[in-house]
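Residues per chain are reported as follows:
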Amino acid sequence: MRVHFIIHEHFEAPGAYETWARERDHEVTFSRVYTGEKRPTDAEGIDLLIIMGGPQDPSFTVEKCAHFDSKGEQALIASAVNAGKAVIGVCLGAQLIGEALGAPFAHSPEKEIGKFPIILTEAGAKNEMFSHFGPILDVGHWHNDMPGLTPDAEIIADSTGCPRQIVAYSELVYGFQCHMEFTLAEVELLIVHSENDLRRAAEYRFVDTAEILRAHDYREMNKALFTFLDKLVARYQQKYQTQP
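Predicted, not measured: the structure shown is a model, and the values here were computed from it.

Procedures and definitions
- Residues numbered from 1 in each chain as written.
- Predicted model: local features only at pLDDT ≥ 70, side-chain atom pairs only at ≥ 80, totals over all residues.
- Heavy atoms only, no water.
- UniProt positions renumbered as here; feature names shortened; annotations may be inferred.
- Helix = DSSP H or I, 4+ residues; strand = E, 2+ residues; numbered from the N terminus.
- Axes fitted to C-alpha atoms, helices over the stretch in contact; angles between N-to-C directions.
- Parallel < 35°, antiparallel > 145°, perpendicular 65-115°, else oblique.
- Left-handed = near helix turned anticlockwise from the far one by under 90°.
- Contact = heavy atoms within 4.5 Å.
- Nonpolar A, V, L, I, M, F, W, Y, C, P; charged D, E, K, R; others polar.
- Disulfide = S-S within 2.5 Å.
- Buried < 20%, exposed > 50% of the residue type's maximum accessible area, 1.4 Å probe, protein only.
- Arc of directions from axis to C-beta.
- Phe/Tyr/Trp six-rings, centres within 6.5 Å; stacked < 30°, edge-to-face > 60°.
- Lys NZ or Arg CZ within 6 Å of the ring centre and 35° of its normal.

## Comments concerning the UniProt feature "domain: Glutamine amidotransferase" (unreviewed entry) in the chain
Line of reasoning, step 1. As annotated in UniProt, the feature "domain: Glutamine amidotransferase" (unreviewed entry) corresponds to residues 22–186 in the numbering used here.
Line of reasoning, step 2. As a span, residues 22–186 carries 19% helix and 32% strand, and end to end its C-alpha atoms are 17 Å apart.

## Looking at the packing of helix H1 (residues 16–23) against helix H8 (residues 219–241)
Geometrically, a packed helix pair is captured by the angle between its two axes and the distance between the axes.
Line of reasoning, step 1. The interhelical angle for the contact between H1 and H8, taken along N-to-C directions, is 55 degrees, at an axis separation of 10 Å. In terms of axis orientation, H1 runs oblique to H8. Like other packed secondary-structure pairs, H1 and H8 cross with a definite hand, here right-handed. For the pair H1 and H8, the contacting residues are Ala 16, Tyr 17, Thr 19, Trp 20 and Glu 23 in the first and Asn 222, Leu 225, Phe 226, Leu 229, Asp 230 and Val 233 in the second.
Line of reasoning, step 2. Partitioning the contact of H1 with H8 into residue classes produces seven nonpolar, two polar and two charged.

## Section: the state of the cysteines
Line of reasoning, step 1. Scanning the entire structure with this criterion turns up zero disulfides.
Line of reasoning, step 2. Note on Cys 162: no disulfide assigned, nearest cysteine sulfur contributed by Cys 178 at a separation of 8.8 Å.
Line of reasoning, step 3. For Cys 162, a relative accessible area of 0% translates into the label buried.

## A closer look at helix H5 (residues 184–193)
Line of reasoning, step 1. Within the sequence span of H5, burial applies to Glu 186, Val 187, Leu 190 and Ile 191. Projection of H5 onto a plane perpendicular to its axis shows the buried side chains occupying an angular sector of 140 degrees, all on one side.

## Let's talk about the packing of aromatic side chains
Line of reasoning, step 1. According to the stated counting rule, one finds eleven aromatic pairs in the structure shown.
Line of reasoning, step 2. Their ring planes at 85 degrees and their centres at 5.2 Å tell us that Phe 130 and Phe 133 sit as a pair that is edge-to-face.
Line of reasoning, step 3. By relative accessible area, Phe 130 is classed as buried at 0%.
Line of reasoning, step 4. One aromatic cluster is present, built from ring pairs that chain together Phe 130, Phe 133, Tyr 174, Phe 176 and Phe 228.
Line of reasoning, step 5. One residue, Lys 64, lies across the ring of Phe 60, its end atom 4.1 Å from the ring centre.

The structure is reproduced here in structure tokens:
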């Protein structure tokens with residue numbers, strides 16, 4: 001599998017997604033746009049496109065953030081979807097998938113930073129891609145917004161603070177508002193970047209302090225993510241093996 005990451009900021013690292021890809025000996029490439037690296041113009045040469053998060057939202061213009069070209073990334077996502085590639089968006093990446101498919105992002109009812117449970121919906125409980133999650137799974141969060149919904153999209157999981165935690169746009173395209181890729185290393189990067197926000201943790205229902213964030217164990221959710229990704233690769237490979 002040829003896995004390509006779009007990374008918007010150094011503190012929004014791919015974490016467990018990259019660990020999974022390297023452990024499976026997949027070919028891994030990057031567009032670290034915050035350093036000026038160019039992203040692909042289309043999905044040729046990519047099997048799995050993973051778009052990571054960032055402090056931006058899809059409405060940002062290049063005038064507001066010079067290294068973030070929302071429309072350009074949406075065009076790449078649309079190219080990948082139309083070409084039948086596997087696509088995963090994380091946080092901002094999930095919102096960009098929705099936008100690329102004609103579904104505008106929205107503000108989440110609650111700000112969430114920390115590790116809190118997501119609950120599988122009825123659709124999620126029936127979806128074999130998530131059968132190993134169980135009805136409730138504690139996962140990472142760091143967001144204010146959530147992805148839009150196309151007419152065919154299914155909400156796989158929600159939470160008390162956000163009604164769109166995981167969205168299935170098709171059998172190969174998924175948006176994760178939650179951060180199942182977090183490890184302690186990635187969380188530390190975010191803590192350093194968001195130190196001022198975390199000082200206000202007591203003002204929000206679903207915001208952990210830096211001390212609590214450092215104390216969480218993220219390995220169980222990483223393991224669940226790995227199993228999902230293995231299932232996605234198997235589905236992708238089966239699709240192309242069975243095509244005439």
